[in-house]
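Descriptive structure summary
If you want the building blocks of each chain, they are given just below.
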Amino acid sequence: MKKLLHYLDSVKPYPPQERFFLSQKRRIAYGGARGGGKSFAMRTKLVLLALKYSGIQILLLRRTYPELRENHINPLRRILNGIATYKESTKEFLFPNQSRIKLGYLSDDADTLQYQGQSYEVIGMEEATQFTESQYTAMTECCRLSGMMKERFVPRMYFTCNPGGVGHSWIKRLFIDRDYREGEDEEDYDFIPSTVFDNLYLMENNPEYLKNLQSLPELRKRAMLYGDWDAFEGQYFGEFDRSIHVCEPFEIPKSWTRFACLDYGLDMTACLWLAYPPDHSTLAVYRELYMPDLILSDAASRITEANGDDKLRYIAASPDLGGRRQDSGKTGFDILRSSGLTGLVPADNERIAGWRRLREFLAAKKDGEAFLKIFPACTNLIRTLPRLCFDPCVAEDVCSTPHELTHAPDALRYGIMSLPFLPQTPYCEKKLPTTKVYASFFKEPKNQSYMDFLKN
């Protein structure tokens, strides 16, 4: 008991760690940057659970066994010496109250088979962005009541993570973008950010580590120092910064030119509404329509409805809509127009030139603010634009897979190519496209300690 009390007394968590210890959400991700004390937080949370709940079965995973040994087995053997018994053959810590912490690894998808049919009330996935989504999904099937507990308990999963890696997309979808699918309840998910600046021990005793992070290449520095999930190696638009490109919505003045851009496919209809002032001093993306499985006539109706009373100069649309349908002999433009959608012009589909131009708009700043501003309602553009990667086979082009990521950015590219100006260029009159001619936390509980966790 003395060793246990000494251990608990030695745990002095930082505010993000304390929030992690107290949270009882079913899915919690902690971290987002280097040096935030992720491994300590995960170990301590699991030990607290094992001490509190008799019979609880806990599984802690890393990608490889050497990582598991160095980051958790060795520290836990020191921490739990005299408190829990470690069995080397099964890689597990057994507590006097029948609770158990088992340590395992998932180096590839086939490793999930070793856990098939097993049950754990708690599963922790360390460095979760190193796991594939299929590995995560397989482990959710094991997160269930084991039958060993007497107390009522809701099974849950914990994750520590940094941006990047094979699991970047699914972690970002669940905890950053909060883009949930059927069966996923947003109330179950919580992301607790932590950076090296929260780690007082490192900041005071190893300030050189901060300098190491500050000296990283720009994209990696944004990810590892600041926990920026919109920055990762291989990213096409490293210029995108959610903190400056996503702005508070404002009323578009009547003097501004409004237009739209459309990327159509049966799998997804993506339409964006843009506007700019007479002096070309900024460009705003203020509305978005993003819907799957629409035939052309339905797409026309949805866009017209979403447009409301906006007076659009034109709609720059996918040029492949100019192809004639074998069944009717009509083009896609013909069908859209006959369904009430007016102002359509074929977009300039020069991919690399378009991506270069879009990069200029993302990089440009005026008076310290981003030239290109995106309203928060454009959730799919904000979600997909920073996730685009370089095509491994075509220099300077965007990778076309996953295809779902390309719809909104393609629409934006059409819109950017239709503009008669570049950012930060002097104002000049230039003929615009017409319908006939197209020119190119959390609030922390007051007076609550993480030690209260053991009393709940």
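Please refer to the structure placed before this passage.
Residues numbered from 1 in each chain as written. Predicted model: local features only at pLDDT ≥ 70, side-chain atom pairs only at ≥ 80, totals over all residues. Heavy atoms only, no water.

The next subject is the overall build of the protein. The helix and strand tally for the protein stands at 15 helices and 16 strands. The principal-axis extent of the C-alpha atoms belonging to the protein is close to 85 × 50 × 45 Å. A buried classification covers 54% of the 456 residues belonging to the protein. Separation between the mean location of the 60 positive side-chain charges and that of the 60 negative ones in the protein comes to 4 Å. (Helix = DSSP H or I, 4+ residues; strand = E, 2+ residues; numbered from the N terminus. Buried < 20%, exposed > 50% of the residue type's maximum accessible area, 1.4 Å probe, protein only. Lys, Arg positive; Asp, Glu negative; His and termini not counted. Charge placed at Lys NZ, Arg CZ, Asp CG, Glu CD.)

A word on the sheet that holds strand E3 (residues 85–87). Taken in spatial order, the 8 strands line up as E3-E4-E5-E2-E6-E7-E1-E8 in an open sheet, and their pairing is mixed. The sheet terminates laterally at E3 and strand E8 (189–194), the two strands that pair on one side only. Across the sheet, the axes of successive neighbouring strands diverge by a mean angle of 15°, strand direction being ignored. With 4 bridges joining them, strand E2 (residues 57–62) and strand E6 (residues 122–125) adopt parallel strand pairing. Within E6, the residue paired with Leu61 across the bridge is Met125. Along the sheet, helix H6 (residues 168–176) makes contact with strand E1 (27–32), strand E7 (156–161) and E8, crossing E8 at roughly 105°. (Pairing = 2+ DSSP bridges. Axes fitted to C-alpha atoms, helices over the stretch in contact; angles between N-to-C directions. Contact = heavy atoms within 4.5 Å.)

This part takes up the sheet that holds strand E16 (residues 372–374). Pairing is mixed in the open sheet, where 6 strands are placed in the order E13-E12-E9-E10-E11-E16. Each of the sheet's edge strands pairs with one partner strand only, and the pair in question is strand E13 (344–346) and E16. Pairwise comparison of adjacent strand axes, ignoring direction, gives a mean angle of 25° for this sheet.

Next up on the list: the nonpolar core. Judged by nonpolar contacts, the single largest core of 39 residues is most densely connected at Leu283, Val285, Leu358, Leu381, Leu385 and Leu412. Those elements that place two or more of their residues in this core are strand E9 (257–264), strand E10 (269–276), strand E11 (283–291), helix H13 (351–363), E16, helix H14 (379–384) and helix H15 (407–417). A per-element tally of this core places H15 first, with 5 residues. Discounting residues that sit within four places of it in the chain, Leu412 has contacts with Cys261, Leu272, Leu274, Val285, Leu358, Leu381 and Leu385. (Core = buried A, V, L, I, M, F, W, Y, C linked by side-chain atoms within 4.5 Å.)

With that settled, the discussion passes to the packing of helix H3 (residues 38–52) against helix H4 (residues 65–79). In the contact formed by H3 and H4, the axes pass within 11 Å of each other and the chain directions differ by 50°. Considering their axes alone, H3 and H4 lie oblique with respect to each other. Read as a crossing pair, H3 and H4 show a hand that is right-handed. Along its contact with H3, which presents Ser39, Arg43 and Val47, the element H4 presents Asn71, His72, Pro75, Leu76 and Ile79. (Parallel < 35°, antiparallel > 145°, perpendicular 65-115°, else oblique. Left-handed = near helix turned anticlockwise from the far one by under 90°.)

Another point: the pattern of salt bridges. Counted under the stated rule, the structure contains 27 salt bridges. In this structure, Asp177 engages Lys172 in a salt bridge whose closest nitrogen and oxygen atoms are separated by 3.0 Å. Between Asp230 and Lys172 there is a salt bridge whose closest N-O contact spans 3.4 Å. With Asp230 in the loop between helix H9 (218–224) and helix H10 (242–245) and Lys172 in helix H6, the pair connects residues that are 58 residues apart, well separated along the chain. Judged on exposure class, the residue Asp230 and its partner Lys172 are both buried. (Salt bridge = Lys/Arg side-chain N within 4 Å of Asp/Glu carboxyl O.)

This next bit is on unusual backbone geometry. A cis geometry characterises the amide bond from Thr401 onward to Pro402, with omega recorded as -5°. Even without being glycine, Lys91 reaches a positive phi, approximately 55°. With respect to the helices, strands and loops of the structure, Lys91 is situated in the loop between E3 and strand E4 (92–94). Unusually for a residue other than glycine, His280 sits at a positive phi of about 60°. With respect to the helices, strands and loops of the structure, His280 is situated in the loop between E10 and E11. The exposure class of His280 is buried, given its relative accessible area of 10%.

What follows deals with H6. Of all 9 residues making up H6, 7 are buried, and the element is well covered by its neighbours. Considered for burial, the residues of H6 that qualify are His168, Trp170, Ile171, Lys172, Arg173, Leu174 and Phe175. Backbone geometry just downstream of H6 places Arg178 in the positive-phi region, at approximately 55°.

Attention now goes to the state of the cysteines. Inspection of the entire model under this criterion finds 0 disulfides. Free cysteine Cys142: the closest other cysteine sulfur is in Cys143, separated by 8.7 Å. Using a relative accessible area of 5% as the deciding quantity, one classes Cys142 as buried. This cysteine, Cys161, is not joined by any disulfide, and Cys143 carries the nearest cysteine sulfur, 17 Å off. (Disulfide = S-S within 2.5 Å.)

What follows concerns the packing of aromatic side chains. Taken as a whole and assessed by the stated rule, the structure comprises 25 aromatic pairs. The interplanar angle of 40° and the centroid separation of 5.3 Å between the aromatic rings of Phe20 and Tyr30 together place this pair among those described as tilted. Taken together, the residues span a long stretch of sequence, with Phe20 in helix H2 (residues 15–22) and Tyr30 in strand E1 at a distance of 10 residues. Assigned by exposure class, Phe20 and Tyr30 land together as buried. With 5.9 Å between their ring centres and 70° between their planes, Phe250 and Trp256 make a pair best called edge-to-face. Phe250 gets classed as partly exposed once you look at its relative accessible area, which sits at 31%. One aromatic cluster is present, formed by Tyr136, Phe159, Trp170, Phe175, Tyr180 and Tyr189 through successive ring pairs. (Phe/Tyr/Trp six-rings, centres within 6.5 Å; stacked < 30°, edge-to-face > 60°.)

Time to look at the pairing of E9. Most of E9 sits out of view: 8 of its 8 residues are buried. Every second residue of E9 is oriented toward a common face, with Thr257, Phe259, Cys261 and Asp263 on one face and Arg258, Ala260, Leu262 and Tyr264 on the other, all of them buried. Judged from the 3 bridges that link them, E9 and strand E12 (residues 315–317) form a sheet pairing that is parallel. Looking at the pairing, Ala260 lines up with Ile315 of E12.

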